[in-house]
Structures are given as C-alpha cells and as structure tokens.
Amino acid sequence: MRKQKKQSRFPDLYLIVLTALMYLPIVIVMVYSVNESKISSVWSGFSLKWYAQLFKDRAIGTAILNSFLLGAISSLAAAAIGTLGAIGTVRTGFRGRGFMEYIATLPMMTPEIILGMIFLAFFSLLGLPFGMTTLIISHTAFCIPYVFMQVKARLAGMDKSYEEAARDLGANRTRVFFDITLPLIAPAILSGMMLSFAMSFDDVIVSVFVTGVKVNTLPILIYTQLKTGVTPKINALCTLMFAATLILVILSSLIGRSGYKKKNGNTGGLQT
Amino acid sequence: MSDTILGLRDIRKSFGDTEVLRGISFAARAGEFITLLGSSGCGKTTTLRIISGLETCDSGQVLLEGRDVTDEVPEKRDVNTVFQSYALFPHMTVAENIGYGLKLKGKKKPEIRKAVAEVLELVQLPGFEERRPTELSGGQRQRIAIARAIVNAPKVLLLDEPLGALDLQLRRQMQIELKRLQKQLGITFIYITHDQEEALNMSDRIGVMKNGVFQQFGTPSEIYDRPKNAYVARFVGSANVLRGRAAYEGDTLCLESGGVRMPVLANAAPPAAGEVLTVAVRSEYVDFASETESGIPAVVKEKSFAAGMLRIALETGEGEEVIASRHGIDFDLSPGEHVRFRFRKEHALCVEAEDET
Amino acid sequence: MKPKRRGWENAVFLAPLYLFTLVFLIGPFVYMLVLSFMTRAETWGVVQEFTLRNYARILEPLYYNTLIESLKLALLVTVLVSLLGYPFGYFMAKLPPKRRALLLLLVMIPFWTSSLMRLYGWIIIFRANGLLDKLLMALHLIRKPLKMLYTYPAVAVGMVYALLPFMMLSVYSSVEKMDWTLVEAARDLGASPAKAFLTVTLKLTMPGLMTGVILTFVPSMGLFFVADILGGNKIVLLGSVIQEQLMKVHDWPFAAALSVIMMAMTSILILLYRRITGAKEMEGMI
C-alpha cells in the first residue's frame, strides 16, 4: 500500500522539481531586476531604477530595434522561400526531391558554429560588407527549415481534392493557390514564422560571426556585457524580453488549438 | 447523334507500367444518368478524372457537345464534380463554398446570393448559408457538395461515389433524391459506384468496368437479365457461373457437367459441341432435383442466413461453388450431404467466359 | 505541351529555395571544404596553395586534447540530459490531458526565452559568494565559498540546462504517440513492469530518445558562449577553438578544417540515427 502510494507520487514530484529548476534562473533574473543594489548577490530593497536606466540607454534601444527588424525580415523571407519551396516539393514528384528536402533542412542539422563559420568565410569571399545584409541572409538561411518543415507537413496531410474541387469549379492555378492552398496552409506558415522570429531574435552564435562592427543585435549586446561588466540593467532587459516571449507564446497557442502540437513537433532545431 | 453531350473515344491511360484504361469509349445523351460500375481499381475514377480534366489521358478524345476538350484545363470545362470526400473548403462558409464557382465566373454579389439561396432550397437545406462545413452532418455535407456543383449549371455532373460515406438508410434516401434532382435539372449525370444495387436503381445506362475496359454497357435490365459475360453475371446479378462442355441434344444447347446434361439458353454465338461452355444461373433459380429428375451432383458445404434468404453453398464434383438461395430459415439439408441440383432452361444463360487479364 | 507547362510552374515555386540554398548554403559549404585545404598567409588572409597541414595540425596535442575534452564534455552532457529528460518526457506524456497541456506550455516558455537570460541566472547563482554559496553556507554544508562560476561543473550545468528542453520534448512526442496496448500486451504475457519497459516502451520510444541525443550532442560541441560565460576561458570547446581561430587568430583555413571535422562527426551521427531508427526524418521534427 505504502509502496504503491510512493510510486504514484514520484512522477508528479519529478515533474514539479525539474520544472521549478528550469524556471529558477529566470525567476532570479526577474527578482534582481527590481533590486536596489548594484551587486547582484545583495538584496537592498525594491527599486525600478534599472528599468528607468534601461529606457535611457540609446545603445540598447538601437539593438532592440535591430533585432526586431532582423527577426521580422528574416522570418518573412524564410516564410516566402520556405512556403513556395515546400509547395513545389510536395506537389511535384520530380526526381531531385529527396535531395532538395535534405538540402532545405540542412541548416537544422548543422551545428550553428559551423553555419557562422561558413557564412563569415563566404561573405568575405564575396566581399559583402558585414552588417544588416549579412545578418539577414544568414538568419534567413537558418530560418527556412522551420517554415519548410511546418508547411510541408501541413501540405502532406492536406486532402488534394480541395485544390481539385476549386479547379473543377473554374479556378485557374493562380486562383487555386490564393483562394484555397494559401488559406489552408496559413496556420503552418504563421507558426513557422513565429518560430523563425524567436530563433532569429535569440541567436548569438551565427550573429557573432556575421554582424561586423557597426551593427549590434540584442543578444550580441547582452553577450558582450555578460562577458565584460554586467550592469543590473541587463536584468531589467531580460525581464522585459521574457514578458514579450510570454505574450508571444500565449498568442501563438491562441491562434490554433493544435498550436502546441505543431510547435512541439518543431523543436527539432539545433539552435539553443 | 445530335443530342450527344459527352463523348469518350478510345481513352487510354497508364500510370507507370500499369495500364489502367485500355480503350474506353461511350457517349452520353443530354439528361441521361450513366453509371460506371466496378470494383476498386477498375479504372472508373480515372475515367471520371479524365472527363473533368483533373487527369490527362495518354491517347483518345474527350468531346463535350461535339467539341474536343481533351487538352483543355479543368477550369475551362463545363463539367462539375461531386467529390467522394466532398472537398468542401473548410475555411469558407456554405454560401462561400456554393458561390465560389459563380464568383469565379464574375457574377455579381446579389446574383450569387440569390442563386445560392435557390440551390439550397433545391437540396432542401434552406437557411444554411452561414454554417461552416465542420458544423454539418455527413448527409448535409453531401447535399452542399451537390449544390456547389449544380449551381454552376454544368453540362455534365460527375459524381464520384457520392454516397459511399453515408449509412445504408441515408444512402437509400439520397438515391431517390439524387434521381429526383437529376430529372428536375435535366443535367447529364456520370455516376461512379461499386454498389450494383445503387447502379440498377438509378441509372438509365450502366457501364460495367473491369481492368480498364467496359465488360458491358447497357440499360439496367440488359445488364441484369442478359449479362454478356461471367464477370457481369457475377458482379451485377450475383449469379452462379458454371463451367462445363457444350453438348447438343437435337438443336438444344446443353451444359455437360458431372456426367449430366442440362439444357441452357444459347446466345448469339453458341459454341460447338465439346467446347468449353460458361453458363450463368442466379441463385434463386437453382433447384434441388427429386429422385426422378436428373441433376448435377454436389455436396452441401455450408448454410447461412442473409437478407431474408437462406444461402446454401454447394460444391460440384469439378470443385465449383454454387449458391442456392431459399426463402425461410429452415431447410432440410445439412453440410456434408450429397445432393443433385438442376435449373430450368430459361434461367440458364450462356455467357462469355471471364476475361482473365 | 502539358508537361512543359507543369515544369515551368514548378520552377516558379522551387526557384527561390533552389537559388537561395545553392548560393547561400551549398556555396559556403563548398568554400569551407576548399578553404580547409588552403594555406594561411603570413599575416592576414589566405593563399591559394594546396596543403594538408590544417588537418595535420588537429593532431597536435593542444588541439587534439581540446577535441577529446570537448567530445568528453559533450558525451557527459548528453548522458545527463538523457537521464534527466527521458523520465520527464515519459511522465509528462502520461499526465491527464489538461495538466499535460499546461506542462507543455511551461516547457515551451523557457525554450522560447532568450538563452542568454537563462544563462545569466546561473551566473548569479554560481558566482563567488553568490546564491549557491550563501545557501550552502547558511545550511552549514560548506565553510568557504565554492566559487562554482568558471569551473567545469558550471559549464556542464549550463549546457545541460540549455539543451534539456529538446530532450524532454522529443521524448515526450514519441511517448505520446506510443500504442500503450503493446505494453499491456507484454504485461499480459508475463513481463514484469521493468521488463516490459525495457523490451517494449524503450524500444518504441527509441527514435524520440535518439532525436534528443542528436539535438543535444551536436550543438554541445559548439556552444562556445556557454563555455565563455560560465567557464571563463578555462573550459575550451571545439566551438571555442573555431571561434578563436576565426575571430582572433585569423587562421581561417585551420578553422575550416576544424569545422569540416565537426561537420563530419555530426553527419556520421545523423547517418547512424537513420540507420538505427530507419527514419528518413527526425522524430518530432515535423
């Protein structure tokens, strides 16, 4: 009897403890963001002064803007390229299909450091100036697989007769695409884009290599500060970013009830 | 023929190495209800898709009102399809689904609204405009799918096993309703099914398909009463097919099997004596011979009860299975018993042997 | 005429992906390979002169040891992540639907959260006289501060922490898909719970576990910023060497050779995964 009780309790306990541990560092950062003291191990009272300082910091503001812009453009570009590519791959049984799929998902299976290295080398070979352009190209490259996989899965599970019915009713291929295919795969594109945005917004490794000296993204700024001297402003910044993430996650789970599942299915990146 | 609305001429189609259509030809008249009947893989769906243009054929011609549309894209053809899965667009309301074809034709909104309301009335679902396909029952989806096709007033309506997903009772009801609708609209229907009862009930003419060719094309009574070959006899009439040698007693053609000769009805080209003869006899016409009558010897294999009839399965000395059906539950025969069976001349049709390819 | 038109339409759909990957993915990969056989110029840049020296250099004790140490750490991290993550994914899949959905959300949130923020929390914890030291001293478990920050365990913890969600989720998705009647059948046939788990459950969820292993092992050699932040410059990963060679030493051919080796190891792992599970795509990736 006692043994049985213990058995049934253990899984719950395990889940709770591990989840709590996952949130521990996040909570600590949030708590210290309202700490009066500059030394993070000392608690000297509640204060919002770091937030005030954060908003005065021009460099951080620019970095946030850069990261937003980068995330938005990359995820949009990835959405366009990945969606079209997925449709082309699924709807046609051409010979190089398997190879194409492998190539399209290659960035997912490549350690990010290698992506960073090859982009750095290749862009300097081309003579591209490092900055926003190189950031966008490289981020688009590692975002494409997320959209591609999502849309491909959605298309593969889609009844072909929807498109056929539309043609039968008099729609040409273009109309079919805009009236039927696109609305039906829109949720997959959207969730792929959100994942892409999150990946781009959080990327350190690839960005470090291709950012150059002029443009700072938010993760790079935080990374440099963590390596050198940390001011508690970073606590406040991280807390705000966490809040933004929270809103994004909740929004995405509201978009579709199947949202969890799809996202869950798409955790397969090699990004961290 | 002037009132021919749809014509298929020697349509051939292969998928890879598999030949799925091997010369399909037929002509449908205006307002005709034609059923393509066959089991799965016989090529009936491919034929339908070639008519709609969703599939291209390797050779042959599709004629719509005398015009060659073989190379025309589906959206240009004046035919519409009711899909097996209904294919109602999940992101559109019922009204948007039905109005989609009209919208593509550039019709004005009020006109579309009116047409949608009318066609919903016709399929007996008035007021369903704002529903979503997911909120409908199977039978309702079926009606909406039909409405979406007929609202465009196509020359030919193609129906791909439209009742396949419905339960038996609803199927019967929808059969009657489809027939009514077809008469009312006067549209030519090309209907696909594997259910011979459905085909016999609704069609003006039936094309029985197997292995990409028509086994027989004719009216329901032709198909049922005068099956051309063993396959049609078996598939449409659930008839027994007996094989033996041809023999003649005077002018009368007889089937010789198990040392017994049974007179049969000859067809146009009766075989010479000694050749293989195939005969179709429906199960209700299989009689048991009395002491004094002659009959083909057989052994009772099993008895079962189905659809109000007792089925008695027999096996002849040649190993052929013969089903005899009787009304009532009880029949004084048990498995293993030796019997002799017979049939009357007028119930035994001489048919072509089944094409084995 | 028809096939031609189809081909043209496919081209419209596939062209962007095709062109982009060709120019910005295949191109760079090929260049990496070429670069790894080139010679470094005296001061800056690359001389187009074929050499195998870059690969030979990897065998020098300094780099060879780093490679081995990096592999060892990656292995350690992978084992820890598997041991911690598998039960989590397994238990999570067995929760009732409502609580499962909630927990899934809770796991997703840190996954979507900035990895730097999560690492930064650990700095505060591990720092000398930081939270961990204070807690342990308050409990009288230690007398002097541990000074965990910039140590090997700190890096290991940081990496386990960063990669754990991948394992949890990929195990979860394969346990969730599992047909439980098979386990019941095994129990019915007389298998003990442990035996049923080992012979049925573990076998059936192997693809999920393997995906998790790949998603952990592959990046754990390259996460130089974790080693940087939590390990100071004491813990050097293969990724750190590549980054250093690229950004500080400017020996690009050598960095390329190291990348080729790393890529080769990754590819072998993925091929092994496909061989073992027979899957074309990674479980939980779709």
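Residues numbered from 1 in each chain as written. Chains lettered and ligands numbered in written order. Predicted model: local features only at pLDDT ≥ 70, side-chain atom pairs only at ≥ 80, totals over all residues.

With that settled, consider the overall build of chain C. Counting its regular elements, chain C contains 13 helices and two strands. With respect to the three principal axes, the spread of C-alpha positions in chain C is 80 × 65 × 35 Å. Within the span of chain C, comprising 286 residues, buried residues form 45% of the whole. (Helix = DSSP H or I, 4+ residues; strand = E, 2+ residues; numbered from the N terminus. Buried ≥ 20, exposed ≤ 12 C-beta atoms within 10 Å, placed from the backbone.)

What follows concerns the packing of helix 7 (residues 132-156) of chain A against helix 9 (residues 173-202) of chain A. Residues and elements named next belong to chain A. Where helix 7 contacts helix 9, the two axes come as close as 8 Å, and the packing angle between them is 155°. Judged by the angle between their axes, helix 7 and helix 9 are roughly antiparallel. The crossing of helix 7 and helix 9 is right-handed. Taken together, the residues of helix 9 that come into contact with helix 7 (itself represented by His 139, Phe 142, Cys 143, Tyr 146, Val 147, Gln 150, Val 151, Arg 154 and Leu 155) are Ile 185, Ala 188, Ile 189, Ser 191, Gly 192, Met 193, Leu 195, Ser 196, Met 199 and Ser 200. (Axes fitted to C-alpha atoms, helices over the stretch in contact; angles between N-to-C directions. Parallel < 35°, antiparallel > 145°, perpendicular 65-115°, else oblique. Left-handed = near helix turned anticlockwise from the far one by under 90°. Contact = placed C-beta atoms within 7 Å.)

As a further point, take the pairing of strand 8 (residues 188-193) of chain B. It is a general feature of regular strands that their side chains alternate between the two faces of the sheet. Residue and element names in this part refer to chain B. By the criterion of burial, strand 8 is predominantly enclosed, with six of the six residues buried. Burial along strand 8 is two-sided: the residues Thr 188, Ile 190 and Ile 192 and Phe 189, Tyr 191 and Thr 193 are all buried. Bridge count between strand 7 (residues 156-160) and strand 8: five bridges; the pairing is parallel. Its bridge partner lying in strand 8, Leu 159 is registered against Tyr 191. Crossover handedness for the path strand 7 to helix 5 (residues 168-185) to strand 8: right-handed. (Pairing = 2+ DSSP bridges. Right-handed = clockwise from strand over helix to strand, strands pointing away.)

So, about the interface of chain B and chain A. Contacts between the two partners involve 16 residues from chain B and, on the opposite side, 15 residues from chain A. For the side of chain B that touches chain A, the elements supplying multiple residues, two or more each, are strand 6 (79-82) and helix 2 (94-104) of chain B. The residue inventory of the side of chain B that touches chain A, partitioned by class, reads seven nonpolar, seven polar and two charged. (Nonpolar A, V, L, I, M, F, W, Y, C, P; charged D, E, K, R; others polar.)

So, on to the sheet that holds strand 20 (residues 349-351) of chain B. The strands making up a sheet associate through hydrogen bonds between their backbones, and the pairing can be parallel or antiparallel. Residue and element names in this part refer to chain B. Taking strand neighbours across the sheet as the criterion, the five strands line up as 13-12-11-14-20 in an open arrangement whose pairing is antiparallel. The open sheet has two edge strands with one neighbour each: strand 13 (260-263) and strand 20. Averaged over neighbouring strand pairs, the angle between their axes works out to 50° when direction is ignored. Two elements, strand 11 (residues 239-249) and strand 14 (residues 276-282), share seven bridges in a ladder whose sense is antiparallel. Counted as the bridge partner of Asn 240 is Val 281 from strand 14. Against the sheet, helix 8 (residues 230-237) touches strand 11, strand 14 and strand 20, its axis set at about 140° to strand 11.

Here the focus is the sheet that holds strand 19 (residues 338-342) of chain B. Residue and element names in this part refer to chain B. Across the sheet, which stays open at both edges, the five strands sit in the order 15-19-16-17-18 with antiparallel pairing between neighbours. Looking along the sheet, the strands with just one partner apiece sit at the ends: strand 15 (287-288) and strand 18 (321-327). When strand 17 (residues 309-316) meets strand 18, the two strands line up antiparallel, connected through seven bridges. Looking at the pairing, Ala 313 lines up with Ile 323 of strand 18.

Quick look at the interface of chain A and chain C now. Listed by partner, the interface residues are 72 residues for chain A and 80 residues for chain C. When residues of the side of chain A that touches chain C are assigned to their parent elements, the largest contribution, 13 residues, is made by helix 1 (residues 2-33) of chain A. Taken together, the residues of the side of chain A that touches chain C break down into 53 nonpolar, 14 polar and five charged.

In short, geometric facts, not functional conclusions.
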